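Geometric and topological summary
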Amino acid sequence: MAAARGVLYVHSAQPALCPHIEWAVAGVLGVPVDLTWTAQPAAPGTLRAQAEWEGRPGTAAAITSSLMGWQRIRFEITEDASPGVDGSRHAYTPTLGAFTAVVGANGDILIPEDRLRNVMLMAAQGRVVLEEELDRLLGKQWDEELESFRYAGEGAPVRWLHAAV
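Throughout what follows, the structure given in this document is the object of discussion. None of these values were measured; they are calculated from a predicted model.

Some details on the overall build of the protein chain
For the protein chain, the count of helices and strands is five helices and eight strands. Going from N to C terminus, the protein chain has its helices and strands arranged as β-α-β-β-α-β-β-β-β-α-α-α-β. Compactness check: the protein chain gives a C-alpha radius of gyration of 17 Å against a globular reference of 15 Å for 165 residues, within 12% of the reference. With the principal axes as the frame, the protein chain shows a C-alpha extent of 50 × 40 × 25 Å. When burial is assessed residue by residue, the protein chain has 39% of its 165 residues classed as buried. For the protein chain, contacts bridging at least 24 residues in sequence account for 63% of all contacts bridging at least 6. Element-wise, carbon and sulfur atoms account for 55% of the exposed surface of the protein chain, whose accessible area totals about 8800 Å². Looking at the protein chain, you have 13 positive and 20 negative side-chain charges, and the mean spots of the two groups are 4 Å apart.

See below:
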């Protein structure tokens, strides 16, 4: 099976959660994980970390599932497209919950046809506003909430994580 790769961004976490986050990621990757944690200026008293990872396709979704149970954590994880597998982007914030999108090889979010047809039908019926639903499908609210945390993380150290094969 082809290897997948991506980046995990823990935008903010309480210091007491940091070892638990490392254990959760290690449980998915099958190898010990030791992230480099730095202060998160966008949320004083919290820490941030980022790491590039390699593993099986679907690793980003598995890591997302392992981290979503905690409140008061903000994170994003990407998985690049690999042969025969679309990429993905997952984001989580305490106020919005989880967001997942399929990402093409060029980095654009790809919205499945059935989801677009459903949104167009609901908009035609007056049940939703088309532009608002398209923004939701593109993750606009998550981008807006996480932007200050992303900016505060520029220049932070990056570590490579390799899954056990």
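Still more ground to cover, so stick around.
What to know about the side chain of R89
Here R89 lies in strand β5 (residues 87–93). Side chain to side chain, R89 and E76 meet in a polar contact 3.0 Å long. With sequence-adjacent residues up to four places away left out, R89 is seen in contact with E76, I77, T78, F99, T100, A101, V103, I109, L138, D143 and R150.

Details of the packing of aromatic side chains
Describing an aromatic ring pair means giving the distance of the ring centres and the angle of the ring planes. Using the criterion set out here, one finds two aromatic pairs in the structure. Taking 5.7 Å as the distance between ring centres and 20° as the angle between the ring planes, the aromatic pair formed by F75 and Y92 counts as stacked. In this pair, F75 is assigned in strand β4 (residues 73–79) and Y92 in strand β5, connecting sequence segments 17 residues apart. One exposure class covers both F75 and Y92, and it is buried.

Comments concerning the pairing of strand β6 (residues 97–103)
In terms of strand pairing, β5 meets β6 through seven bridges, oriented antiparallel. What sits directly across from Y92, in β6, is A98. Across two bridges, the pairing between β6 and strand β7 (residues 109–110) is antiparallel. Within the sheet, the bridge partner assigned to V103 lies in β7 and is I109. If you look at the hairpin formed by β6 and β7, you'll find five residues sitting between the two strands, and G107 has a positive phi there, around 95°.

Some remarks on the packing of helix α1 (residues 18–29) against helix α2 (residues 59–67)
Two elements in contact, α1 and α2, have axes separated by 9 Å at closest approach and are oriented at 145°. With respect to the hand of their crossing, α1 and α2 are arranged in right-handed fashion. Packed against α1, whose contacting residues are I21, A24, V25, V28 and L29, the element α2 presents T59, A62, I63, S66 and L67 at the interface. Taken together, the residues of the contact of α1 with α2 break down into eight nonpolar, two polar and no charged.

A word on the nonpolar core
Counting 24 residues, the largest nonpolar core has L8, I21 and W37 as its most contacted members. Those elements that provide at least two residues to this core are β1 (4–13), α1, β3 (47–55), α2 and β4. For this core, the element with the most residues is α1, which contributes six residues. For W37, the residues in contact, after removing those within four places along its chain, are V10, A13, C18, I21, E22, L47, R48 and A49. Core analysis: the second largest hydrophobic core is formed by five residues, A91, F99, A101 and L146 among them.

About the criteria used
Residues numbered from 1 in each chain as written. Predicted model: local features only at pLDDT ≥ 70, side-chain atom pairs only at ≥ 80, totals over all residues. Heavy atoms only, no water. Helix = DSSP H or I, 4+ residues; strand = E, 2+ residues; numbered from the N terminus. Rg over C-alpha atoms; globule rule 2.2 N^0.38 Å. Buried < 20%, exposed > 50% of the residue type's maximum accessible area, 1.4 Å probe, protein only. Contact = heavy atoms within 4.5 Å. Areas by Shrake-Rupley, 256 points an atom, 1.4 Å probe, with all protein chains shown as cover. Lys, Arg positive; Asp, Glu negative; His and termini not counted. Charge placed at Lys NZ, Arg CZ, Asp CG, Glu CD. Polar contact = N/O pair within 3.5 Å; in protein donor to acceptor, adjacent residues only side chain to side chain. Phe/Tyr/Trp six-rings, centres within 6.5 Å; stacked < 30°, edge-to-face > 60°. Pairing = 2+ DSSP bridges. Axes fitted to C-alpha atoms, helices over the stretch in contact; angles between N-to-C directions. Left-handed = near helix turned anticlockwise from the far one by under 90°. Nonpolar A, V, L, I, M, F, W, Y, C, P; charged D, E, K, R; others polar. Core = buried A, V, L, I, M, F, W, Y, C linked by side-chain atoms within 4.5 Å.

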